[in-house]
Structure formats: structure tokens, C-alpha cells
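# Close look at the chain arrangement
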Amino acid sequence: MALLEVTDLRTYFRTDDGIVKAVDGVSFSIEKGKTLGIVGESGSGKSVTCLTIMGLNSKRTTITSGEALWKGKNLLTMGAREFRDIRGSEIAMIFQDPMTSLNPVHKVGKQLTEAIQLHRDVTKSQARARALELLKAVGIPRPERRIDDYPHQFSGGMRQRVMIAMALVNNPDLLIADEPTTALDVTTQAQILTLMQKLQEEFGSAILVITHDLGVVAEVADEVVVMYAAQVVEKGPVERIFKRPHMPYTWGLLGSLPRLDSVVDRLVQIPGSPPSLLNPPRGCRFHPRCPYVMDVCKADDPALLPVFDDSDHFAACHLDHETKDREAAKLIAGMMAQAS
Ligand code: SF4
């Protein structure tokens, strides 16, 4: 059984201008110990999907439907107390900005020990010993000294490590990481991604990583969900998506990876910008930006269907299989040529 099974998730926001359909029929699942990457541009609905699962949207302005089964129980209809117990102990979240999770006026050791004592029956000194262990596990040098520093005394990369330690306090079964490396330089990004993989092996947590960067997904994920304009447009095992992507939006994301150049220049960037989710375009929501658009794309919303007989790989696109295969092969050949 999947650890988390999300089915037909919809998150609509009431605004003065009307209903914004920020997540519109999203389904995916995560197995124990696996990493799922949700990828898409800003405003694609990937972060709202996770905030909905974590119950962090305002109840007053949000309409939610669908299911998010956590170990068989629907998080969307769960009582506040039960949800609070799960959040922070069984499911933890790492945000892009560490200062969102760390209190700037308290020493990191105090914050870690308090978080440990909130969910475990341990003494203060046992909690401090566990905090030290965690700081060591995430690679903070000289943790016995740094434990009494304030968050601002750490560099950006080190703060991110402290936040990961904070998220791991209760050995969560699922770690949700929202753009965990976006604000970091390339070297630190690589270190944090390696650290997350190492900790996953050690702690056995599943990871849900949200990112606009397919490069991050390639590094860490087993499965990929590609989102565009609040919907899933392609999903499958990472090696399938990178070997034979079957949707022009995914081609555009791959084409935007920094390694590419003029070999595939028509795919190097995605023209235009994502649509308003107040009034998304009819048919395929990507059609105003798609270089392959046909009449049918403007009228009919393509269903998310298995690619050939491969039941693990799904794509939503009206193009015929031969064209998809040919264009994907061209793109991948271009990337390989560029890499060599
Ligand atoms: Fe492009 Fe049409 Fe496929 Fe949408 S359905 S991605 S517009 S070819």
C-alpha cells in the first residue's frame, strides 16, 4: 500500500475576482522510502498541492475536495488534533527559506530540543543529546559549539541543514521539501541534495520534493510528476521521463536545463507564460504556448493516459505516439550531444 495516495485533489481559492482553481484534479502516490519529484513553473500548483496535503491553507478562503490518504486515512477530512499529531511527527516539511521554520530570536539548540520534547517523552538533557546527534547527522561542523548559535550566525547552506535536522527530529515517514535548494549556490545545492539522499537511506523516510528544476529531480527522484496550470500533464519513473518524455511542456522544461544550446534551440525555452487560473484556456491549457498545437488541442482537454503499454508512464497530449517518440528522441539526442 502507498504511504500517501492523492486522488483527484482540487484546491480552489475564493478571491474578489472569482474562483482560482489552483489545483485541479491532481493524483499521485508515494511509496515508503521512495522520492517523488513534483516539477513545474511558478504557479503550476505544485506548492499549493503540498500545502493542501499538510492542511496549511486558510479554511475560510479555500474549497478542497478529493482524497489524500495517509496510511489509509484521509488527511483532508481528519480532525484538527489528529492532523496536528501527524504533522511534524509522521510528516515534516522543509521550506525554501529556512527562516520560515526557524525562529530568529532563539538558539537552534533550544528550538531543536523543544521540537523533540513536543513529540517525545524525554528529559531536557536527552533532547539536547538527540539535537546534537541530528546536527552531526546533517553535517554541521563542531555541533557541540554551534548548538548554542542563533540562526543568523549560520550561512544559508548551514541554515538549510539545521532546518533539515529540525524536520528529522521525529524520524518522519514523509519529508516534504518545497524548493529546498533554490536559494543556494550550485555547490551548496549539490551538498544538500546528497545530504537528503544520505539521510533518506539512514532514516528510511519517503521524500516529496517540489521544484521548478528538472535537474534537481534527476538527482534525487525515483518518480516524477510534471504539473502545468494546476494539472498533472505527465508522470512516471524518472528514467522514463528523462529517456522518452511524451509531452511538449516536459520537452520545454528539459530544453530549459542549462546544458542545452542551439542543437535543439526551438526547445531551449518555453515561449509565453502560464495562464491565469481564474480563466484557464479551453482544451489543453498549454496550447497557447505549444509549438505543436493543433485544432483539437484548442477544443478538447487531453486525458492523462498511459504511454503505449507502459502503465507506469502517463502523458496528457493529443499528439500521435510517433510524433512524440520522434521529437523526444531528437531532444534527448541533442542533450547527449551537448553533454559529451
Ligand atoms: Fe501541445 Fe496539443 Fe499536446 Fe497540448 S495537447 S501539449 S497543445 S500538442
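Residues numbered from 1 in each chain as written. Predicted model: local features only at pLDDT ≥ 70, side-chain atom pairs only at ≥ 80, totals over all residues. Heavy atoms only, no water.

## Some remarks on the sheet that holds strand β4 (residues 62–70)
Filter applied, for reference: Any two strands are treated as partners once DSSP identifies two or more bridges connecting them. A run of H or I in DSSP becomes a helix once it reaches four residues, and a run of E becomes a strand once it reaches two; helices and strands are each numbered from the N terminus.
Taken in spatial order, the 4 strands of this open sheet run β2-β1-β4-β5, and their pairing is antiparallel. Two strands lie at the open edges of the sheet, namely β2 (18–30) and β5 (73–74), each paired on one side alone. Examined bridge by bridge, β4 and β5 share 2 bridges and lie antiparallel to one another. Its bridge partner lying in β5, L69 is registered against N74.

## A few points about helix α7 (residues 186–203)
Using the following cut-off: To estimate the expected span of a helix, subtract one from its residue number and multiply by 1.5 Å. Only protein chains enter the calculation, and the probe is 1.4 Å; a residue is then buried if its accessible area is under 20% of its type maximum, exposed if over 50%, and partly exposed in between. It is the directions from the helix axis to the C-beta atoms whose arc is reported. Only heavy atoms enter the contact rule, under which two residues are in contact if any of them lie within 4.5 Å.
Taking 1.5 Å of rise per residue, the 18 residues of α7 would be expected to cover 26 Å, and the 25 Å separating its terminal C-alpha atoms lies within 8% of that figure. Considered for burial, the residues of α7 that qualify are T188, Q189, I192, L193, L195, M196, L199 and Q200. Down the axis, α7 shows its buried residues gathered within 160 degrees of arc, on one side only. α7 presents V186, T187, E201 and E202 as exposed residues on the side facing more than 90 degrees away from its buried surface. In the core, the buried residues of α7 are packed alongside β3 (35–39), α4 (124–137), α6 (156–168), β7 (174–178), β8 (206–211) and α8 (214–220). Following α7 by one or two positions, G204 adopts a phi angle in the positive range, close to 70 degrees.

## Some remarks on the pairing of β2
Of the pairings in the sheet, the one linking strand β1 (residues 4–15) to β2 comprises 10 bridges and is antiparallel in character. Within the sheet, the bridge partner assigned to T11 lies in β2 and is V23. Hairpin connection, β1 to β2: the antiparallel pair is bridged by 2 residues.

## Some words on the site of the ligand
Under the convention used in this document: One heavy atom within 4 Å of a molecule or strand makes the whole residue count as near it. When residues are grouped by polarity, Ala, Val, Leu, Ile, Met, Phe, Trp, Tyr, Cys and Pro land in nonpolar, Asp, Glu, Lys and Arg in charged, and all others, Gly among them, in polar.
Every residue near the ligand is listed here: M247, P248, C284, F286, H287, C290, Y292, C297, P302, C317, H318 and L319. Of the residues contributing to the shell around the ligand, the split by class is 10 nonpolar, 2 polar and no charged.

## Looking at the domain arrangement of the chain
Under the convention used in this document: Domain start and end points were adopted from an automatic or database domain assignment. The term buried area refers to how much accessible surface (probe radius 1.4 Å) is lost by two components on association, counted for both of them together. The rule for a salt bridge is simple: a side-chain nitrogen of Lys or Arg has to be within 4 Å of a carboxyl oxygen of Asp or Glu.
Assigned domains of the chain: these are domain 1 (4–225) and domain 2 (243–339). A separation of 29 Å is found between the C-alpha centroids of domain 1 and domain 2. Domain 1 puts 16 residues into the contact, and the matching count from domain 2 is 10 residues. Summed over both sides, the interface of domain 1 with domain 2 buries roughly 990 Å², with 60% coming from carbon and sulfur. Of all residues in domain 1, K21, E41 and L214 give up the largest surface area on contact with domain 2, accounting jointly for 47% of the area buried on that side. D24 is paired through a salt bridge with R285; the nearest N and O atoms lie 2.8 Å apart. Of all elements in the fold, only β2 and α8 reach the threshold of two or more residues within the side of domain 1 that touches domain 2.

## Quick word on the environment of Q96
For Q96, the position within the fold is in the loop between β6 (91–94) and α3 (108–119). Non-local contacts of Q96, meaning those with residues more than four positions away in its chain, are made with Q160, D178, E179 and T182.

## Section: unusual backbone geometry
If you check the backbone angles, D8 has positive phi at about 50 degrees while not being a glycine. Within the secondary structure layout, D8 lies in strand β1. The class for D8 is partly exposed, based on a relative accessible area of 35%. In this model, R142 sits at a positive phi of 45 degrees, which is unusual for a non-glycine residue. Relative to the assigned elements, R142 resides in the loop between α4 and α5 (143–146).

## A short note on the nonpolar core
Put simply, the test is: As used here, the term nonpolar core means buried Ala, Val, Leu, Ile, Met, Phe, Trp, Tyr and Cys residues forming a set that is joined through side-chain atoms within 4.5 Å.
Counting 36 residues, the largest nonpolar core has V138 and I164 as its most contacted members. Of all elements in the fold, only β6, α3, α4, α6, β7, α7, β8 and α8 reach the threshold of two or more residues within this core. Tallying contributions element by element places α6 first for this core, with 7 residues. Ignoring sequence-local partners within four residues, the contact set of V138 consists of R161, I164, A165, L168, L195 and L199. V224, I241, L253 and Y292 belong to the second largest nonpolar core, which has 32 residues in total.

## Quick look at the side chain of H246
The criterion, for reference: Between N or O atoms, a polar contact is any pair within 3.5 Å; within protein, one atom must be a potential hydrogen donor and the other a potential acceptor, and residues adjacent in sequence are included only when both atoms are from side chains.
With respect to the helices, strands and loops of the structure, H246 is situated in the loop between α9 (238–243) and α10 (248–255). A relative accessible area of 0% places H246 in the buried class. Here D325 takes part through its side chain, which lies 3.2 Å from a polar atom of the side chain of H246.

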